[in-house]
Amino acid sequence: MSTGLHLKPEVVETATALLGDMKAAASSLMYAALLTDDGFDVARYPVEADGERFAGMASSMQALGDAVTHELKIGASEYIIIASGTGHVVQLRVPAQELVLSALFDNDATVGHALAITRSFAQKTAELLT
């Protein structure tokens, strides 16, 4: 159950600014969303994008990844990567928060670079919201 981070203006403002900074750091970033574990949209880049449907899907993916790692007894899920012909999605939890950062990069970024950027901004989000 969400702690209502998506309803707190200071969290939404901070998250929106961070996603803008993420785009500035990675020109290959096409879309990014910060969402609660239970699928509520907190912030997104670009801001005009409709994030509610995506937040629900990304939350479900995160829950499935967690369930798979639990079922296979291989520890905690670290991140999820979805690759396609035109880009890749990297998704991971924000440390010490009930939040998930999901980001779509075009093929100009390697998967390693996309993962590094996403990890970096998940950590920055954690530090700013703690």
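Up top is the structure.
Residues numbered from 1 in each chain as written. Predicted model: local features only at pLDDT ≥ 70, side-chain atom pairs only at ≥ 80, totals over all residues. Heavy atoms only, no water.

Caption draft 1: View of unusual backbone geometry. The amide bond that connects Tyr45 to the next residue, Pro46, takes the cis arrangement and shows omega of -5 degrees. As for its placement among the helices and strands, Pro46 is situated in the loop between strand E2 (41–45) and helix H2 (52–71). Even without glycine at this site, Lys73 takes up a positive phi of about 55 degrees. With respect to the helices, strands and loops of the structure, Lys73 is situated in the loop between H2 and strand E3 (80–84). (Helix = DSSP H or I, 4+ residues; strand = E, 2+ residues; numbered from the N terminus.)

Caption draft 2: The arrangement of the side chain of Asp106 in detail. One can find Asp106 in strand E5 (residues 99–106). Setting aside residues up to four positions removed in sequence, Asp106 forms contacts with Ser28, Met30, Thr86, Gly87 and His88. (Contact = heavy atoms within 4.5 Å.)

Caption draft 3: Looking closely at the packing of aromatic side chains. Evaluation of the coordinates by the stated rule reveals one aromatic pair. Geometrically, the ring pair formed by Tyr31 and Phe54 is edge-to-face, given 5.2 Å between the ring centres and 80 degrees between the ring planes. Of this pair, Tyr31 sits in strand E1 (residues 29–36) while Phe54 sits in helix H2, placing them 23 residues apart in sequence. Taking relative accessible area as the criterion, Phe54 reaches 21% and is therefore assigned partly exposed. The ring of Phe121 has Lys124 lying over it, and the distance from NZ or CZ to the ring centre is 4.4 Å. (Phe/Tyr/Trp six-rings, centres within 6.5 Å; stacked < 30°, edge-to-face > 60°. Buried < 20%, exposed > 50% of the residue type's maximum accessible area, 1.4 Å probe, protein only. Lys NZ or Arg CZ within 6 Å of the ring centre and 35° of its normal.)

Caption draft 4: Representation of the pairing of E1. With respect to burial, E1 is a largely interior element, seven of its eight residues being buried. Where E1 and E5 come together, seven bridges link them in antiparallel fashion. Bridged to Leu34 within E5 is Leu101. Strand direction decides the pairing type here: E1 and E2, joined by four bridges, are antiparallel. Each bridged residue has a counterpart across the sheet, and for Ala32 the counterpart in E2 is Tyr45. The antiparallel pairing of E1 with E2 creates a hairpin that spans four residues between the two strands, and Gly39 there sits at a positive phi of about 90 degrees. (Pairing = 2+ DSSP bridges.)

Caption draft 5: Quick peek at the pattern of salt bridges. The full count for this structure, using the stated rule, is four salt bridges. Of the charged contacts in the structure, one is a salt bridge between Asp41 and Arg44, with a shortest N-O distance of 2.4 Å. Across this residue pair, the class does not change: Asp41 and Arg44 are buried. Put simply, Arg119 and Glu78 hold a salt bridge, and the shortest N to O gap is 3.5 Å. With Arg119 in helix H3 (residues 111–129) and Glu78 in the loop between H2 and E3, this residue pair connects regions lying 41 residues apart in the sequence. Assessed through its relative accessible area of 40%, Arg119 is described here as partly exposed. (Salt bridge = Lys/Arg side-chain N within 4 Å of Asp/Glu carboxyl O.)

Such coordinate-based values are descriptive only and should not be taken to indicate function.
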